[in-house]
Amino acid sequence: MEYLLRTFFYRDEQQASTENNAMAETVKLTINGQQYEVDPATPPSTRLVDFLHEKHLSGTHVTCYQGGCGACTVVASFADPDTGTKNTHSINSCLAPLLGCNDWEITTVEGLGNRHDGYHVIQERLAEYSGTQCGYCSPGMVMNMYGLTQSNSSWSPSEVEQHLDGNLCRCTGYRPILDAFKSITVQDIEDSHVVRCPNTGQACRGRCAAEKVKVPLSNKKPVTTQVQANGVVWHQPASLQDLYGILAGLTEGTSYRFVCGDTAQAVYYSGSFDVYIYTRHIPELSRVAQAEDGVVFGANVSISRVMEELETVSEGRSGYDYAKELVKNWHRVASTSVRNLGSWAGNLGMKLTHREFPSDIFINLLGAGAVITTALPNGSTSTHTLEELLELDLQKERRVILEMRLPPMADNVKFRVFKVMGRTTNTHAFVNAAMTFNVDEASAHTVIGKPLIVYGGINPTFVRASATEAALEGKSLEDEGVLQAAMQALANEVKPDNLPQDPAPEYRLSVAQTLLYKMVLGIVGDAAAATVTSGATDLERPLSSGQQTYDQNTETWPLGKPIPKLEARMQCAGEAEYVNTMAAASEELFGMFVTATQANAHIASVDPSAALAMPDVVAFVGVDDIKGVNNIMAFAWPTPQPLFPKDRVSYYGQPIGLVVTKNRGAAYGAREAVKVTYDDIQPPVLTIEEALQKPPIKDDPFVQGDVQAGFAASTHIFEGAMSRDGQYHFHMESQSCLVVPTDIGMDVYASTQWASETQRAIGQVLGIADNTINVTVKRLGGAFGAKIDQCNIVTTAAAVAAQKVRKPVRVALDLDANMTIIGWREPYLCTYKVGVDDAGVLQAIQATLTCDSGYVAVDSSSSGAVMVMPSCYSCPNWEVTPQVVLTNTACNTWCRTPGTVEGIIFMENILEHVAEELSMDPLELRRKNLMPDGGTRPLNKGMIRLRSLIAGREAKWLPDSLTVPRNLISGMIDQILTSADVEHRKQLVAEFNQKNLWKKRGLSVMPMLWPYAVPMKAPFNAMVSVNARDGTVVVSHGGTELGQGINTKVAQCAAYELGIPLDMVAVRPSNTHVNANSDVTGGSQGSDVACFSVSQACKKLRSRLDAAKEDLGLTDASWPEIVLAAFNKGVDICERYVNGWDEVKPYPVFGVACTEVELDVLTGQFLVLRTDILEDAGKSISPLVDVGQVEGAYVMGQGLFTVEKPLFDSATGRKVTDGTWYYTPPAAQDIPVDFRVSLLHDAPNPVGVQSSKVTGEPALCLAFAVVMALRQAVASARRDAGVTSWFQMDTPLTVDNLQRLCLVESSRLVVNV
Ligand SMILES: Cc1cc2nc3c(=O)[nH]c(=O)nc-3n(C[C@H](O)[C@H](O)[C@H](O)COP(=O)(O)OP(=O)(O)OC[C@H]3O[C@@H](n4cnc5c(N)ncnc54)[C@H](O)[C@@H]3O)c2cc1C
Ligand code: FES
Ligand code: FES
């Protein structure tokens, strides 16, 4: 098969056969200076990244294939056909059509640097700054930055931040990436001599773009070409005349599509066309000109280029001040790399074919009065306003957009554009708007003539608020009556549609009103009351910064030394291999799941015959092919989870079978061709509330004291409920597995967090012995719990297929499949009753924690969550009941700090409730209820029971609780109060809120006790081998490298214990024969226990070698000399170790976070202004790794509590958030503007491994501080609205949720208060 050819565009296309071709020219391109020719039979929908992978350039990764993650970023240089100027930019290689890359020069991460020739400064810097964890995003990050250095002759730190607007990283929290890139100067790039320039053949000076190398037009003039393959024609006209000729020649009924950047396909996949017309080579369409009546842009001019030009004219040409507003807003249109490729006209083309598309470009150009010129095939041209354009049927008339003219605007015209979105960058608008008002400021801001008010994101037909315009015509904007009449008119004409993927219609109408209000406030300025003026502006994010503080611990180096991850450089160079990027095995086949299109139905029939008749389709694997047990849960897991259902499907997207094909392209078609019919179709149950109509599955409650007595002793009792929705793990490498049958069984290369579970699951499903299955795990491109056991949907399916076809089979999920087939973090509901005395001291807490396990209760965490609830607090009486409900959704699963985060945040929510009801300062209330030194925490019995089942060992001897000799929280709170200047800032926040109605701030302090209790029964196997000839050391351990830095920590421990330099230690991939029976790398225990076992093995080895040294009298001998001498004397210089029961101890991890936010009340958008985290990492084994864990976990938590929301179609049960368009984890500009992380000073952990504490998960819980800070901001807004009672804040606090809580009524949108 071709190398991981991955494209959803192949859904209905097969690789064309060359025999059918009538082609004129081949496509030639250079990649890293080497020339390539493209197979003329390539389907038009093939992306550049497919070609890179075919050529084994696997450093360019793919996560989304949607332009939404940046993993595939490369740098492209191509000539402007109008000027001949060569431009160099970062682009998304998953979007660029391969056939359009003729004469392009591509630089991939391999072209920058590597371990043989040396790394590029950008790769080095990202590694040095710990900007990489799992490393899957890193090549894309590097190429993004390289693109900036190549497209600009200089760059500011702000430009670096802006440029990173389309690259996601789930691991790092972005801070180190931003710091790394901001540190790179022009000089650094000039001094980087590694890269060979594709133009000169000399060492790269990084200046090609800056010098704008002019390619002589005579040499490079494009020619009109045509490629025809299997009836599909790809035209590349080089002149308008040729284009008109092609259009005129289209026969009736021929479907055709213009292609410029081809980025629209990632948003609206529109199937295959008979004819593609690639317009990029037509000089006129790339024209940028300063005409007398305006600035003119040809249709193909990229959005980035338009912005560049507008920036220039806004500085130097009168009438173009307004262009600044466009440029500012367009920085929030898609991402830099998408804007570099995508054209403004392509964006309008999308709007014309998909009226529901909330195009910012369309709305903004309409507001700016842009005039569009189009042409018919006969060459006749006409001009249109944007509204007129919308009335045309371009396709039917075969009309082409030629250019747009942006006219100047009179000085007294006020122009503004708005975009309200769920995240700061690279996401579509919930509502957008443009408004143009001609105003007589001198006469009470009276509107002259009709204003222009247009909106997007309302419904497919609504654009212009004509009645509202009429209500404002000739009226004074200072007149409250006028404003209210306008609000009413808006309410009458703005009718948002109601779709599951969009915020509620009520919110979108409200925002339509508040945006108009913002416009009015901006116009009237000081004529408005001082308290409302803050409503006029949008939130402005300043340049971000970070600080990290930790102990140096030099006395134990390399243990405790702050070093970048060992694999960092190779990750930044794209050299690190993942299952997803491994080269294909000989005769490798590809497996793709056939999934359910009903959520709750009986399977009447499955008929793969049509698929099996298709070319390149090898087999269909279904439930009847399972030779062992149809259960992917291994060991003694209590509830089975089937690989494929036998009778009923339980969720939309559930795997029913697997098509096995010779290539990925064929699999798309085959998957669709498998015919599945259903009967007994029942409505899906999708929420906890719906599921609770049936009795839930209850578990043992956590009981302490007597809650009824506690309530009797309480003077105040409050009741409430809080829900917290699920979260997609968003590991950047999808679930993947390659199974290779061998003469003794199967070699399995799996992206799993738990190799021995995967080994057993495969053995169980296939009915074969474990010793025939060897699972190897080199590294994972992120996991966060999703690859603990749910990865076995993929691994066992690949294995069943390999068993059936007796050939290697790879299954690697596309993002949409990954997001629908595999479950997410469990949604939760907590109902509670709390009793306190007058002073706010807790007397009793009774609560029920309900988790939604999805369709099968295998990974339920509520029995663990109830134990964690006390956090760092004391309460004499508890009764907390865990329960589980089932829904028609995928099997929800562990996700970074499962159960723990719920226990901790629900407790914080209860304390918030009490504080608000008693009008107490929330921190004061918390301090009153802190657990004293020597207090006890219940142990997570649910988790221990589960581990007992897994290990097949009794757990009776384990204690019920964990004693906490010292509750460090009080001192840590004091410390953060000082270091974060909390009291002073609280005062400033209060003053700010007093002065402003429409912008609010909040500042919170959140303490946390995170109980680390899982490792007592978790065996991790370590093998340490010393090479006799040179003394170098190889370590293999039972943990898996997920990005958390386990290998780095293990190497530091090994080097320390053996007393050798770090560079003498190498860590090899984990596998199930060297590291048999090792436990899961999850629950923060992987690094901890692996470090323990490796340290113990090294200690044993060291003592043996020390003894040999003494015996042999080698007093002054070096390590290699000792090793060799000992070996020659028959000493075993290898050692293994497995931790025994209770050897690795439980302990509490303490943390405090202080967060300040600013909220735009009118839209619900907010900024996290500053976050300070103080976390107790004991004596850190690897401080940079630990700081990275803290930052990454915190930002993932911020996503959980704010922007990330799963959405379903309630009718079908289909998950609509199945890609980057609707699901938006935090991006680089969402993180705290000022992000400070400190590891607690001088805090060695007496029971910790090497005196350390774990860091992988706890800080995620601390992100609840954002919710607490937002509560204060929202509470202030509600007080202004006259409402002071307690209100619940369910999470995620998406912008619509926040704005609704702020009680923004149109009647309160006034100019004078
Ligand atoms: C990840 C992502 C995020 C995005 N975010 C946003 C956003 O926040 N806001 C926003 O407004 N947009 C957004 N977009 C849309 C983006 O702006 C467009 O995809 C891009 O501008 C399309 O330009 P293109 O050159 O790639 O068009 P293509 O994909 O090549 O073409 C798109 C359509 O336009 C037609 N077309 C192209 N040229 C012409 C012509 N000369 N005459 C007539 N029809 C023509 C084509 O036939 C096709 O139907 C996003 C896109 C992506 C992929
Ligand atoms: S893979 Fe290209 S942007 Fe995500
Ligand atoms: S390091 Fe960025 S996604 Fe893992």
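Sequence order sets the numbering: in each chain, residues are counted from 1 along the sequence as written. Chains and ligands are labelled sequentially in the order written, the chains with letters from A and the ligands with numbers from 1. With pLDDT at 70 or above as the cut-off, local features in this predicted model cover only qualifying residues; side-chain atom pairs require 80 or more to be listed or tallied, and sums for whole chains, interfaces and linings still use all residues. Excluded from the side-chain calculations are hydrogens and water; all other atoms, namely the structure's heavy atoms, are used.

For helices the rule is a DSSP run of H or I covering at least 4 residues; for strands it is a run of E covering at least 2, with both sets numbered from the N terminus onward. Assigned secondary structure in the protein chain consists of 40 helices and 46 strands. In this setup the radius of gyration rests on C-alpha atoms only. A globule is expected at 2.2 Å times the number of residues raised to 0.38. Over its C-alpha trace the protein chain gives a radius of gyration of 31 Å, about what one expects of a compact globule, namely 34 Å for 1313 residues. Summarising its shape, the C-alpha atoms of the protein chain cover approximately 95 × 80 × 70 Å along the three principal directions. With 1313 residues in all, the protein chain has 65% of them scored as buried. Throughout, exposure labels follow a simple rule: accessible area from a 1.4 Å probe, protein chains only, divided by the maximum for the residue type, with under 20% read as buried, over 50% as exposed, and the rest as partly exposed.

Take the packing of helix H11 (residues 323-330) against helix H14 (residues 360-367) next. A fitted line through C-alpha atoms represents every axis, and for helices the fit uses only the stretch in contact; the resulting angles, taken between N-to-C directions, go from 0 to 180 degrees. Put simply, H11 and H14 touch, their axes get as near as 11 Å, and they point 170° apart. Considering the angle they form, H11 stands roughly antiparallel to H14. Contacts between H11 and H14 involve Leu-326, Asn-329 and Trp-330 on the former and, on the latter, Ile-361, Asn-364 and Leu-365. Working rule for angles: under 35 degrees goes down as roughly parallel, over 145 as roughly antiparallel, 65 to 115 as roughly perpendicular, anything else as oblique. Contacts are residue-level and defined by heavy atoms, with any inter-residue pair within 4.5 Å sufficient.

Residues belong to a common nonpolar core when they are buried Ala, Val, Leu, Ile, Met, Phe, Trp, Tyr or Cys residues joined through side-chain atoms within 4.5 Å. Among the nonpolar cores identified, the biggest contains 244 residues, and Phe-181, Met-435, Phe-437, Tyr-455 and Leu-516 are the most heavily contacted of them. The leading source of residues in this core is helix H19 (residues 505-524), at 12 residues. Once residues within four sequence positions are removed from consideration, Phe-437 is found in contact with Asn-412, Val-413, Lys-414, Val-447, Pro-451, Ile-453, Leu-472, Leu-477, Leu-516, Met-519 and Ile-523. With 59 residues, the next largest nonpolar core counts Leu-250, Met-307, Val-417 and Ala-434 among its residues.

One open sheet holds the 4 strands; their spatial order is S41-S40-S39-S43, and the pairing between them is mixed. The open sheet terminates on both sides in strands that have one partner only, identified here as strand S41 (1065-1067) and strand S43 (1134-1138). This sheet shows a mean twist of 15° between the axes of neighbouring strands, independent of strand direction. Pairing of strand S39 (residues 1021-1026) with strand S40 (residues 1033-1037) involves 5 bridges; the strand directions are antiparallel. Bridged to Val-1024 within S40 is Val-1035. Strands pair, by our definition, only if DSSP identifies at least two bridges between them.

Right, let's get into the pairing of strand S10 (residues 288-291). Sheet analysis places S10 next to strand S11 (residues 294-298), joined by 4 bridges and oriented antiparallel. Paired with Ala-289 across the two strands is Val-296, which belongs to S11. Where S10 folds back onto S11 in an antiparallel hairpin, the turn is made up of 2 residues.

Attention shifts here to the site of ligand 1. Distances are taken per atom, and a residue is near a molecule or strand as soon as one of its heavy atoms is within 4 Å of it. Taken together, the neighbourhood of ligand 1 is formed by 35 residues, with Cys-260, Thr-263, Ser-343, Asp-360 and Lys-419 sitting nearest. Polar contact is defined as a pair of N or O atoms within 3.5 Å, subject to the rule that within protein one atom must be able to donate a hydrogen and the other to accept it, and that residues adjacent in sequence are counted only when both atoms are side-chain atoms. Contact between ligand 1 and Ala-264: an oxygen atom at 3.0 Å from a main-chain N or O atom of the residue. Between an oxygen atom of ligand 1 and a main-chain N or O atom of Thr-427, the distance comes to 3.3 Å. Those elements that place two or more of their residues in the shell around ligand 1 are strand S8 (256-259), helix H13 (344-353), H14 and strand S14 (400-406). Any residue outside Ala, Val, Leu, Ile, Met, Phe, Trp, Tyr, Cys, Pro, Asp, Glu, Lys and Arg is labelled polar, Gly included; the first ten of those are nonpolar and the last four are charged. Here the residues of the shell around ligand 1 sort into 17 nonpolar, 13 polar and 5 charged.

Moving on, we get to helix H29 (residues 900-917). One less than the number of residues in a helix, times 1.5 Å, gives the span that helix is expected to have. The terminal C-alpha atoms of H29 lie 26 Å apart, and with 18 residues this matches the ideal 26 Å at 1.5 Å per residue to within 8%. Within H29, 16 of the 18 residues are buried, which leaves the element mostly enclosed by the surrounding structure. Positive backbone phi, approximately 50°, marks Ser-919, located one or two places after H29.

It is worth spelling out the pattern of salt bridges at this point. A carboxyl oxygen of Asp or Glu within 4 Å of a side-chain nitrogen of Lys or Arg is what we treat as a salt bridge. Tallied over the entire structure, the rule returns 60 salt bridges. Between Glu-397 and Arg-399 there is a salt bridge, and its shortest N-O distance comes to 2.9 Å. The class for Arg-399 is buried, based on a relative accessible area of 7%. Ionic pairing is found between Asp-538 and Arg-416, a salt bridge with its closest N-O pair at 3.7 Å. One end of the pair, Asp-538, is in the loop between H19 and strand S19 (545-549); the other, Arg-416, is in strand S15 (residues 413-421), with 122 residues separating them in the sequence. Salt bridges linked by common partners bring Glu-908, Glu-912, Glu-916, Arg-926 and Arg-1271 together as one network.

Turning our attention to the sheet that holds strand S9 (residues 275-278). The sheet built from 4 strands is open, its strands ordered S6-S7-S9-S8 with mixed pairing. The open sheet has two edge strands with one neighbour each: strand S6 (225-229) and S8. Each strand axis lies, on average, 15° off the axis of its neighbour in the sheet, ignoring direction. Bridge count between S6 and strand S7 (residues 232-236): 5 bridges; the pairing is antiparallel. Its bridge partner lying in S7, Val-227 is registered against Trp-234.

Our working definition of a disulfide is a cysteine sulfur pair at a distance within 2.5 Å. Inspection of the entire model under this criterion finds 0 disulfides. Looking at the unpaired Cys-1098, the closest cysteine sulfur is the one in Cys-1053, lying at 8.3 Å.

With that settled, consider helix H3 (residues 138-151). For H3, with 14 residues, the first-to-last C-alpha span of 20 Å sits near the 20 Å given by 1.5 Å per residue. The buried fraction of H3 is high, at 13 of 14 residues.

Turning next to the confidence of the model for the protein chain. Reading fine detail from the predicted coordinates is not recommended where pLDDT is low. Confidence of the predictor at the level of single residues is captured by pLDDT, which takes values from 0 to 100. Scored by pLDDT, the protein chain has a mean of 93; 94% of the residues are at 70 or more. Under a pLDDT of 50 for its full length, residues 1-24 has, in the predicted model, 102 contacts with residues more than four places off or in other chains.

For any two helices packed against each other, one specifies the crossing angle of their axes together with the interaxial distance. Contact geometry of helix H2 (residues 121-128) with H3 gives a least axis separation of 10 Å together with a crossing angle of 130°. In terms of orientation, H2 lies oblique with respect to H3. Here H2 and H3 pass one another in a crossing that is right-handed. For the pair H2 and H3, contact is made by Ile-122, Gln-123 and Leu-126 and by Ser-138, Met-141, Val-142, Met-145, Tyr-146 and Thr-149, respectively. Looking at the contact of H2 with H3 residue by residue, the class counts come to 6 nonpolar, 3 polar and no charged. Should the near helix be turned anticlockwise from the far one by less than a right angle, the crossing is termed left-handed; should it be turned clockwise, right-handed.

On to the environment of Thr-796, then. By the element assignment, Thr-796 lies in helix H26 (residues 792-805). For the pair Thr-796 and Val-618, spaced 178 residues apart in sequence, the C-alpha separation works out to 18 Å. Contact partners of Thr-796, with chain neighbours within four places excluded, come to Ile-632, Leu-643, Ala-761, Ile-762, Val-765 and Leu-766. Within the structure, the side chain of Thr-796 is placed 2.4 Å from the backbone oxygen of Asn-792, a separation counted as a polar contact.

All right, on to the packing of aromatic side chains then. When two rings of Phe, Tyr or Trp (its six-membered ring) have centres within 6.5 Å they constitute a pair, described as stacked for plane angles under 30 degrees, edge-to-face for angles over 60, and tilted for the intermediate range. A full pass over the atoms with the stated rule returns 26 aromatic pairs. Measuring from centroid to centroid gives 4.2 Å for Phe-78 and Trp-104, while their planes differ by 20°, and the two rings are stacked. Of this pair, Phe-78 sits in strand S3 (residues 73-79) while Trp-104 sits in the loop between strand S4 (86-92) and strand S5 (105-107), and the two are 26 residues apart along the sequence. Among the residues examined, Trp-104 registers a relative accessible area of 4% and is labelled buried. With a centroid separation of 5.3 Å and an interplanar angle of 50°, the aromatic rings of Tyr-728 and Trp-824 are classed as tilted. In this pair, Tyr-728 sits in the loop between strand S28 (716-724) and strand S29 (736-742) while Trp-824 sits in the loop between helix H27 (815-821) and strand S33 (828-836), placing the two residues 96 residues apart along the sequence. Assigned by exposure class, Tyr-728 and Trp-824 land together as buried. Linked through ring pairs, Trp-234, Phe-273, Tyr-276 and Tyr-278 together constitute an aromatic cluster. Any Lys NZ or Arg CZ that is within 6 Å of a ring centre and within 35 degrees of that ring's normal is treated as a charge sitting over the ring. For Lys-833, the ring lying beneath its charged end belongs to Phe-711, and the centroid distance is 4.5 Å. The positively charged end of Arg-1271 is found above the aromatic ring belonging to Phe-1287, 4.6 Å away from the centroid.

The buried count for S33 comes to 7 of 9 residues, which makes it a mostly enclosed element. Where S28 meets S33, 9 bridges bridge the pair, whose relative direction is antiparallel. Residue pairing for S33: His-716 is matched across the bridge by Val-836. Relative to strand S34 (residues 842-852), S33 runs antiparallel, the two sharing 9 bridges. Looking at the pairing, Lys-833 lines up with Gln-846 of S34.

Moving on, we come to unusual backbone geometry. For the bond running from Trp-557 to Pro-558, omega is 10°, close enough to zero to count as cis. Mapped onto the secondary structure, Pro-558 falls in the loop between S19 and helix H20 (568-572). Between Thr-1291 and Pro-1292 the backbone carries a cis peptide bond, its omega angle lying at 10°. With respect to the helices and strands, the residue Pro-1292 is situated in the loop between helix H39 (1264-1280) and helix H40 (1295-1301).

Let us look at the side chain of Asp-188. Looking at where Asp-188 falls in the secondary structure, it is placed in helix H6 (residues 186-190). Here Asp-188 falls in the buried class, since its relative accessible area comes to 19%. Here Thr-185 takes part through its backbone nitrogen, which lies 2.9 Å from a polar atom of the side chain of Asp-188. Among residues more than four places away in sequence, those in contact with Asp-188 are Val-121, Arg-125 and Ser-183.

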